[in-house]
Structures are given as C-alpha cells and as structure tokens.
Amino acid sequence: MAKVELQGQCDARFKRVREVFESGFASGAELGAGLCIYREGRVVVDLWGGFADEAQRRPWRRDTLANVYSTTKGITALCAHQLVERGELDLDAPVSRYWPEFSESGKAELPVRYLLSHQAGLAGVSEPLAPRDLFDWRRMTRALEAQKPWWKPGTNHGYHALTYGWLVGEVIRRVSGMSVGRYVREHVAAPLSAEFWIGLPEELDGRAADLVQGPISTEGGPNLMEIAAADPEGLVAKVFGNPPIFAVSPNSREWRAAELPAANGHTTAHALARIYGALGNGGELEGVRLIGRDAIEAARVEQAYGQDLVLPLVTRMALGFMLGPANEPLGPNPRSFGHGGAGGSLGMADPEAKLGFGYVMNRMHTGVWLVDPRPHALLDALYSCL
C-alpha cells in the first residue's frame with residue numbers, strides 16, 4: 001500500500017500517539033482505521049487514514065462507519081445502566097421479573113447482573129440452529145428461554161459472545177419497550193451527537209467500511225476454531241457455531257441491517273471516543289449527561305476474574321464492561337473499563353485520568369488476546385504522554 005497521509009488533528013503533547021498510529025499503516029498492519037481520544041471533555045487526538053475497502057478505492061474518512069463486533073457490548077451495557085439509574089431495572093432482581101418466560105429450565109431466580117457479567121451459564125445454545133436464526137430475535141430469545149445453564153449461575157464465568165446481546169437486549173426491550181438499536185439511537189447516540197448504529201440503515205452502506213481478514217496469530221495457545229473442531233457438541237462449538245456466525249459476511253446487507261447487540265454495532269472512532277469520553281468525564285460531555293458518577297462506579301465493579309470457560313484466556317468482568325486483567329491491562333489504571341471487538345476495535349474510559357478512547361479499523365487481526373496489539377500500543381503511547 002502506498003504511503004498513507006493521516007488526516008485530522010493531534011495536540012502536540014500527543015505526538016507519540018500519532019507516530020504509533022502512523023506506524024501501523026507503514027508496516028501494513030492497517031488498511032483503514034480511525035483513532036480518537038478525549039481528555040477532560042475535549043478532543044486531543046482525532047486521526048484517520050487508509051482505505052475503507054480492500055481494493056483501496058474508497059478513502060477512509062472521519063465519518064467512515066466500522067463494524068466493531070463485541071465493542072458493541074459496552075454500549076449495550078450502558079443502556080442497561082441508564083435503566084438501572086432511573087430505577088426501572090434492578091440488577092439483583094430475577095430476570096424473570098421482567099421476562100417471565102426466562103424462568104424455564106431452572107432459571108427462575110437467576111439475577112439480571114449475571115447476564116451482564118457473563119456468569120449466567122448461557123453462553124451457548126444446545127438446540128441446533130440455522131444460519132438464518134441469527135437474524136430472528138424471537139427465535140433466539142425463545143431458544144435461550146428453554147436453555148438450561150451450562151454451569152451453575154454465579155459460580156463461574158464464560159464469555160457470552162453472541163447470547164449476551166439477546167439476553168441483555170431482551171431485558172432492555174421488556175423494560176423500555178424499545179429494541180436496543182432504537183434505544184441506543186434515542187438515549188445515547190442522538191443526545192450526544194455520536195453515531196452508533198445497532199441496525200445500520202441501508203442508505204448508510206456507502207459510508208460503511210468493508211472488513212478484511214488480516215493476519216492470524218497462532219502464538220499463545222489453541223485458537224477457538226481448533227477447540228470447537230475438537231468437540232463439536234462442546235460449549236465453545238455452540239458459542240461460535242450455533243448459529244454459525246462465520247457463515248455470514250459482516251459486509252452483507254443482512255448482517256448490517258440486523259440488531260445484534262453483542263456483535264454488529266457500526267460507529268466511527270470519534271463517536272466511540274465521544275461516548276467513552278463522557279463516561280471518563282463523570283458521565284457528562286458538553287452538557288449532555290449519559291449516566292451519573294455513582295452509576296459509573298457501580299458499572300465498573302469487578303464481578304469475576306480468572307480463567308474463562310469459553311475463551312482460552314484469563315478474563316476480568318465488570319457489569320457489561322471488561323476490565324483489564326494483570327497480563328493485559330488497559331493502561332496503568334486497573335479500574336479503566338471498556339470493551340474490545342473481534343479484529344481489533346476498542347472503546348475505553350479511564351475516569352481517573354478523564355480519558356475516553358475509541359479505535360476502529362477494517363483489517364481484522366486474530367489471536368489469543370483480549371485486546372489487539374494495535375490499540376494496546378496506542379494506549380501505551382497515550383499514557384506515556386500524560
């Protein structure tokens with residue numbers, strides 16, 4: 001790829017961040033990407049460059065929308081915490097209070113908080129599902145109503161890679177009367193003037209970046225596909241292959257149009273950083289309040305820490321957000337919180353440093369890690385500048 005000229009702005013103090021971001025294009029690690037950082041409620045870095053397609057015909061722009069996979073989970077969690085703060089949702093109440101049908105298969109007393117902390121034991125569905133079921137909300141929620149937990153809820157944790165979206169999303173829908181996509185638009189995105197779509201309108205397809213598979217690292221242990229292949233009826237195979245998410249192109253209209261609150265949010269680096277910039281600034285930005293400080297504190301309390309039952313990793317879970325374990329910290333503050341997505345994207349807040357961080361890209365990197373090395377390097381550069 002020809003030398004990429006970065007666009008945007010970067011405060012002189014954060015020159016090192018720009019250099020690290022630029023090096024990703026020089027090395028070929030990036031095809032197209034955006035990076036934005038808020039500090040104390042204002043933008044200090046807002047950079048983008050490269051291309052939105054593999055053929056390199058569409059330049060990456062400030063308003064290029066990227067599919068951020070599981071980075072979506074943090075925004076879905078924010079919606080739940082807004083409902084908690086308003087007194088409409090109790091994290092310690094049984095899910096069945098809001099969703100009566102959920103009580104099947106011994107789940108009558110399972111509390112809402114276990115859905116957010118990946119402790120519910122509902123990371124996968126046993127009943128065989130077809131690819132089309134991925135886009136059928138009622139089909140998936142009905143399957144989860146019938147599902148018996150894979151482990152005793154609350155005794156362990158395992159990443160609910162896809163089911164998180166239907167589980168937390170259905171509670172949001174039952175409480176608010178809105179789908180998660182609509183709720184995000186009305187209560188997060190529009191008030192803050194920050195584009196985040198769960199269910200991308202067709203007229204915005206021209207602004208959406210195409211995801212492109214990049215390098216796959218085999219260092220660090222077995223990958224998920226190997227684990228699933230070794231035990232087709234095991235939990236990992238059910239989590240990632242039932243319904244078979246990899247049978248659907250993330251660049252298809254069908255994928256982009258669906259509301260998958262665990263996996264198919266589309267956003268810009270600036271919008272992602274703006275949302276986390278508010279969370280890193282006491283929950284408020286430019287006069288717009290998302291949630292208060294007490295709600296932020298509650299959201300980032302550690303719920304589970306240790307070997308994940310789904311991912312071949314140590315994970316550290318808060319309430320819908322991930323915390324950095326000791327071996328993969330999100331900067332020097334152990335209470336920084338956020339969520340990364342498959343391929344590399346990351347949104348993060350550090351309230352102590354008053355930071356909000358958003359990184360999106362379209363060259364997918366895959367490896368045995370929670371957060372891709374590219375945003376990790378950017379975080380290291382960021383904190384070296386403070």
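Residues numbered from 1 in each chain as written. Predicted model: local features only at pLDDT ≥ 70, side-chain atom pairs only at ≥ 80, totals over all residues. Heavy atoms only, no water.

Caption draft 1: Local environment of the sheet that holds strand S13 (residues 337–340). Reading across from one edge, S1-S3-S2-S15-S14-S13-S12-S11-S10 is the order of the nine strands in this open sheet, with antiparallel pairing throughout. Each end of this open sheet is capped by a strand with a single partner; those strands are strand S1 (7–10) and strand S10 (304–307). As judged from the eight bridges shared by strand S2 (residues 32–39) and strand S3 (residues 42–50), these two strands associate in the antiparallel manner. Each bridged residue has a counterpart across the sheet, and for Arg 39 the counterpart in S3 is Arg 42. Across the sheet, helix H1 (residues 15–27) is in contact with S1, S2, S3 and strand S15 (355–361); its angle to S2 comes to roughly 165 degrees. (Pairing = 2+ DSSP bridges. Helix = DSSP H or I, 4+ residues; strand = E, 2+ residues; numbered from the N terminus. Contact = heavy atoms within 4.5 Å. Axes fitted to C-alpha atoms, helices over the stretch in contact; angles between N-to-C directions.)

Caption draft 2: Up close: the sheet that holds strand S4 (residues 66–67). Spatially, three strands are ordered S4-S7-S5 in an open sheet, and the strand pairing comes out antiparallel. Edge positions in the open sheet fall to S4 and strand S5 (196–198), since each of these has one partner strand only. The sheet contact formed by S4 and strand S7 (residues 265–267) spans two bridges and is antiparallel. Residue pairing across strands places Asn 67 opposite His 266, the latter belonging to S7.

Caption draft 3: H1, seen in detail. An ideal rise of 1.5 Å per residue puts 18 Å on 13 residues; H1 measures up with 19 Å between its terminal C-alpha atoms. Looking at H1, one finds that the buried residues are Val 17, Val 20, Phe 21, Gly 24 and Phe 25. In an axial view of H1, the angular spread of the buried residues amounts to 150 degrees, which keeps them on one side of the axis. Those residues of H1 that are exposed and angled more than 90 degrees off the buried face are Lys 15, Ala 26 and Ser 27. Turning to H1, the residues buried within the fold contact S2, S3, S15 and helix H13 (373–384). One or two residues past the end of H1 sits Gly 28, with phi positive at roughly 90 degrees. (Expected span 1.5 Å × (residues − 1). Buried < 20%, exposed > 50% of the residue type's maximum accessible area, 1.4 Å probe, protein only. Arc of directions from axis to C-beta.)

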